[in-house]
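The primary structure of each chain is shown beneath.
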Amino acid sequence: MLHTIKKIGVLTSGGDSPGMNAAIRSVVRACAFHDIKCIGIYRGYEGMIDGDFIEMDARSVKGIINKGGTILKSARSTEFRTIEGRTKAHEQLKKAEIDAFVVIGGDGSFTGAMIFNQEFDFPVMGIPGTIDNDIVGTSHTLGYDTALNTVVDAIDKIRDTASSHNRLFFIEVMGRDVGHIALNVGIAGGAEEILIPEEDLGLDRLVESLRRSKKSGKSSSIVVVAEGDKIGKSVFELKDYVDQNMEGYDVRVSVLGHMQRGGSPSCFDRVLASRMGVKAVESLITGKSNYMVGIKNDVMDLTPFDQAVKGKSKINMELLRVSDIMTI
Ligand code: F6P
């Protein structure tokens, strides 16, 4: 059924990422440009269920393009996973006369939107916002570029102290299911080894590689570990293993944690957010629904939700080879 879109809701859902505010701003301003009302939905699907809405116009989003986090707040809603929760959310949207919504979030948020669309024939559009870059259908998710820069900056600082004390550092970075962050920051930060969920390096090879690098004259080392790494050991267990099995190493651990999700978005993420917001609103206006907006080869693109949520985006295998060559 073709829907006339007069009012669009926008929400941020799941783990936040830098650039979400820039995307909210873009959705709100694209709506204003096309003479469509825009409603901010607080706290993701939780706020949708509660009817926690606010009218937004072009001026409500001033001064936020450079801000990390999300002014609309974010949440992971368990109630929205139930038909009762989604029915309540649908009633709230109807009551507020909202005709469509744009959800800025990750694959879990898109799965929710897809089910909602099927159940209520309600127009929905997604903007991929996650630092993990783990979504199919876009070369970059919102916040990924900023997170890479944040992590590289942190690794540079850790390297200063690592080399002063001739230490080996295990640095844990985010990336539950994919190693995009670890692989890229590992190369950019000059890591000796990079442990990712896609590849099982194995403890023996790790030890062998550390011995080799020490023999080749390196006095300090950095090993970047994605939180979902295949060896399956936490950075603390890796430290214990090296302590017990290798002599002459002074090992330290640094878990970067949620600082990777904060901070002012990079230029790339601000531009990407602006482009994605416009594409999302204009796609809804032209009658499209149930898609995720993405970028491929610098061109905006739409991927059906069911494809976007199906798998995880693949790492670039060439980067693994480059990393091996760089650590000679
Ligand atoms: O934003 C994605 C992510 O950073 C994952 O890499 C990580 O596992 C997860 O979020 C942790 O998020 P939270 O602490 O909010 O559950």
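What counts and how
- Residues numbered from 1 in each chain as written.
- Predicted model: local features only at pLDDT ≥ 70, side-chain atom pairs only at ≥ 80, totals over all residues.
- Heavy atoms only, no water.
- Pairing = 2+ DSSP bridges.
- Helix = DSSP H or I, 4+ residues; strand = E, 2+ residues; numbered from the N terminus.
- Axes fitted to C-alpha atoms, helices over the stretch in contact; angles between N-to-C directions.
- Domains from an automatic or database assignment.
- Buried area = accessible area lost by both parts, 1.4 Å probe.
- Salt bridge = Lys/Arg side-chain N within 4 Å of Asp/Glu carboxyl O.
- Polar contact = N/O pair within 3.5 Å; in protein donor to acceptor, adjacent residues only side chain to side chain.
- Phe/Tyr/Trp six-rings, centres within 6.5 Å; stacked < 30°, edge-to-face > 60°.
- Near = heavy atom within 4 Å.
- Areas by Shrake-Rupley, 256 points an atom, 1.4 Å probe, with all protein chains shown as cover.
- Nonpolar A, V, L, I, M, F, W, Y, C, P; charged D, E, K, R; others polar.
- Contact = heavy atoms within 4.5 Å.

K.L.:
Account for the sheet that holds strand β6 (residues 168–173), with residues named and values stated.
P.N.:
Spatial ordering of the open sheet is given by β7-β8-β6-β9, a layout of 4 strands whose pairing is parallel. With partners counted over all chains shown, the strands left at the sheet margins are β7 (193–195) and β9 (251–255), one partner each. The sheet shows a mean angle of 20 degrees between the axes of neighbouring strands, direction not considered. Pairing geometry for β6 and β9, over 5 bridges, is parallel. By the bridge assignment for β9, phenylalanine 169 is matched with arginine 252.

K.L.:
So what's going on with the domain arrangement of the chain? Residues and values would help.
P.N.:
Parsing the chain into structural domains produces domain 1 (7–143 + 265–310) and domain 2 (145–261). Here the C-alpha centroids of domain 1 and domain 2 sit 34 Å apart. Across the interface of domain 1 and domain 2, roughly 1100 Å² is buried in total on both sides, 49% from carbon and sulfur atoms. Linking domain 1 to domain 2 there are 1 salt bridge. Across the salt bridge formed by arginine 261 and aspartate 16, the nearest N and O atoms sit 2.9 Å from each other. Applying the counting rule to domain 1 against domain 2 returns 8 residue pairs in polar contact (both at pLDDT 80 or more).

K.L.:
Break down the packing of aromatic side chains for me, citing the residues and quoting the values.
P.N.:
For the coordinates displayed, the defined rule picks out 8 aromatic pairs. One aromatic cluster is present, built from ring pairs that chain together Tyr45, Phe80, Phe101, Phe116, Phe120 and Phe122.

K.L.:
How would you summarise the site of the ligand if you had to cite specific residues and measurements?
P.N.:
For the ligand, the full set of nearby residues is Arg76, Asp132, Met174, Gly175, Arg176, Glu227, His258 and Arg261. At a separation of 3.3 Å, an oxygen atom of the ligand approaches a polar backbone atom of glycine 175. In isolation the ligand exposes 400 Å². Once the protein is present, 78% of that is buried. Taken together, the residues that form the shell around the ligand break down as 1 nonpolar, 2 polar and 5 charged.

K.L.:
Give a detailed account of the sheet that holds strand β10 (residues 291–296), specifying residues and quantitative values.
P.N.:
Across the sheet, which stays open at both edges, the 7 strands sit in the order β3-β2-β1-β4-β5-β10-β11 with mixed pairing between neighbours. Only two strands of the sheet have a single partner each, and these edge strands are β3 (53–56) and β11 (299–304). In this sheet, adjacent strand axes meet at a mean angle of 30 degrees when their direction is disregarded. Direction of pairing for strand β1 (residues 7–12) relative to strand β4 (residues 100–105): parallel, over a ladder of 5 bridges. Each residue of the ladder has a partner; that of isoleucine 8, found in β4, is alanine 100. Where helix α1 (residues 20–33) meets the sheet, its contacts fall on β1, β2 (37–41), β3, β4 and β5 (124–128), and the angle it forms with β4 comes to roughly 160 degrees. Contacting β1, β4, β5, β10 and β11, helix α9 (residues 267–285) runs over the sheet at an angle of about 170 degrees to β5.

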